[in-house]
Amino acid sequence: MILLGVETSCDETAAAVVKNGRQILSSEIGTQFDLHRPYSGVVPELASRAHVQLINPVISRALKKARIKPEQLDGIAVTVGPGLVGCLLVGKMTAESLGWVYDVPVYGANHIEGHLLSPILSDPSVQPPFLGLVVSGGHSELIYVRRWGQYELLGRTRDDAAGEAFDKVAKMMNLGYPGGPIVDRLASGRDSSKVVFPRAWLHGTWDFSFSGLKTAVLYKLRTKRSWSKSEIADICAGFQLAVVDVLVTKTMAAAKALKVKTIVIGGGVAANSLLRKQFVGRCADENRTLLMAPRELCTDNAAMVAAAVYFKKQYQKKSSNFSLLIQPQLHIPFSKKSIPVFL
Ligand code: KG4
Ligand code: ZN
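About the cut-offs
Residues numbered from 1 in each chain as written. Chains lettered and ligands numbered in written order. Predicted model: local features only at pLDDT ≥ 70, side-chain atom pairs only at ≥ 80, totals over all residues. Heavy atoms only, no water. Buried < 20%, exposed > 50% of the residue type's maximum accessible area, 1.4 Å probe, protein only. Helix = DSSP H or I, 4+ residues; strand = E, 2+ residues; numbered from the N terminus. Pairing = 2+ DSSP bridges. Axes fitted to C-alpha atoms, helices over the stretch in contact; angles between N-to-C directions. Parallel < 35°, antiparallel > 145°, perpendicular 65-115°, else oblique. Left-handed = near helix turned anticlockwise from the far one by under 90°. Contact = heavy atoms within 4.5 Å. Donors = N, O, S within 2.8 Å, 3.2 Å for Na, K, Ca; no water. Tetrahedral: all angles 85-135°; square planar, octahedral: opposite > 155°, others 65-115°. Salt bridge = Lys/Arg side-chain N within 4 Å of Asp/Glu carboxyl O.

### With respect to the pairing of strand 8 (residues 150-156)
Thinking step 1. Of all seven residues that make up strand 8, five are buried, and the element is covered over most of its length.
Thinking step 2. The pairing of strand 7 (residues 140-147) with strand 8 spans six bridges and is antiparallel. Along strand 8, the bridge assignment pairs E141 with R156.
Thinking step 3. Hairpin connection, strand 7 to strand 8: the antiparallel pair is bridged by two residues, and G149 has positive phi, about 85°.

Have a look at this one:
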């Protein structure tokens, strides 16, 4: 089955052609970073206008690279939520128009499900049950996948998402946008014990909280008029360790409590060097199987969207369940609200 994935939920215009849910024939991204950089964050109206300009060339490139004609497609998978509504609409209208012109079915995909399943694109062996951690610019969620398509929410951020905290802290230090990769680079090789920030453990829940940490960085920055490059790098290292420490500790504790052997990590923050290193080390120590997408599949892409629809089609036969309704604020559809096992 050959699917064209289309992703326009935020600031990346992406299209990909994926065969049988795992074989990426092409994956194209039209990035908008330069457009949003002056604002140190995504401006929704600018993002949707840029999607309108980028979407056709990006889709054409993806089809050309995959050597696939639109009429050869078995379906088009398009992100319908969560995301910025104007942005989602561009992807949805384009996918529906293509589907109508070439008589190809169009399936709505959940962006978080895409991030959650993205590591599976590179590892065919994974099977549920597994514990998923999705950490991106808009989401930080710990999800127990008991069976394909059955998602149980363990915990989520109560305020800022992990990536959002990276971006906002970078903005405070005028480091640029998006902040995550910049903080990651500056923190590399630094002594993270020089500047220590608090961790919000939220004992008794699997939830996360990062806004207090962000405020702690702000207060730290206010203690002096100017900071040297080296001091800024130490702040980055201390902040990054505080985020990663909480994410890794709580995820490993949840895996232990639920007796789950496999941990799957997706979303933009999963590209973080320290997070990857710590998960590799902890999973090796505790003999757990770790699945992380390659870095280019951690941040927004359309291959994960096509994969999410492919897997959904495997476990969910009724195509009527692929809603094309735009869902701007919704999370992944959880089958249960929470699981009563806590730290
Ligand atoms: O998944 P994604 O591309 O978009 C959303 O769905 O939000 O994630 C983007 C987020 C941004 O906040 C970005 O700063 C963060 O992922 N990010 C990183 C790294 N690369 C991207 N955060 C920390 N370290 C990185 N290397
Ligand atoms: Zn995303």
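### Points about the packing of helix 7 (residues 211-222) against helix 8 (residues 229-258)
Thinking step 1. Their axes nearest at 11 Å, the elements helix 7 and helix 8 cross at an angle of 160°. Here helix 7 lies roughly antiparallel to helix 8, going by the angle between them. Judged by the sense of rotation from one axis to the other, the crossing of helix 7 with helix 8 is right-handed. Contacts from L213, V217, K220 and L221 of helix 7 reach helix 8 at I232, I235, F239, A242 and V243.

### Some thoughts on the sheet that holds strand 10 (residues 289-292)
Pairing between the strands of a sheet is mediated by backbone hydrogen bonds and can be parallel or antiparallel.
Thinking step 1. In space, the five strands of this open sheet follow the order 8-7-6-9-10, with mixed pairing throughout. Taken across any chain shown, the strands that pair with only one partner, and hence form the sheet edges, are strand 8 and strand 10. Averaged over neighbouring strand pairs, the angle between their axes works out to 20° when direction is ignored.
Thinking step 2. Here strand 9 (residues 262-266) pairs with strand 10 via four bridges, running parallel. Each bridged residue has a counterpart across the sheet, and for I263 the counterpart in strand 10 is L290.
Thinking step 3. Packed on one face of the sheet, helix 9 (residues 273-285) meets strand 6 (130-135), strand 9 and strand 10 and runs near 160° to strand 10.

### Considering the coordination of the zinc ion (ligand 2)
Thinking step 1. Taken together, H111 (NE2), H115 (NE2) and D300 (OD) make up the full set of protein donors to the zinc ion (ligand 2), lying 2.0 to 2.1 Å away.
Thinking step 2. Viewed at the metal, the four donor atoms of the zinc ion (ligand 2) are separated by angles of 96 to 132°, and the geometry they form is tetrahedral.
Thinking step 3. Sequence spacing of the donors to the zinc ion (ligand 2): H-x3-H-x184-D. With H115 in helix 4 (residues 111-117) and D300 in the loop between helix 10 (295-298) and helix 11 (303-315), this residue pair connects regions lying 185 residues apart in the sequence.
Thinking step 4. The exposure class of H115 is buried, given its relative accessible area of 1%.
Thinking step 5. Judged by its relative accessible area of 14%, D300 falls in the buried class.

### Concerning the pattern of salt bridges
Thinking step 1. Across all of its chains, the model carries 18 salt bridges by this definition.
Thinking step 2. The residue K194 makes a salt bridge to D234 at a minimum N-O spacing of 3.8 Å. Placement of the pair is K194 in the loop between helix 6 (179-187) and helix 7 and D234 in helix 8, with a sequence separation of 40 residues.
Thinking step 3. With a relative accessible area of 7%, D234 lands in the buried category.
Thinking step 4. Within the structure, one salt-bridge network assembled from shared partners comprises D160, E164, K168 and K214.

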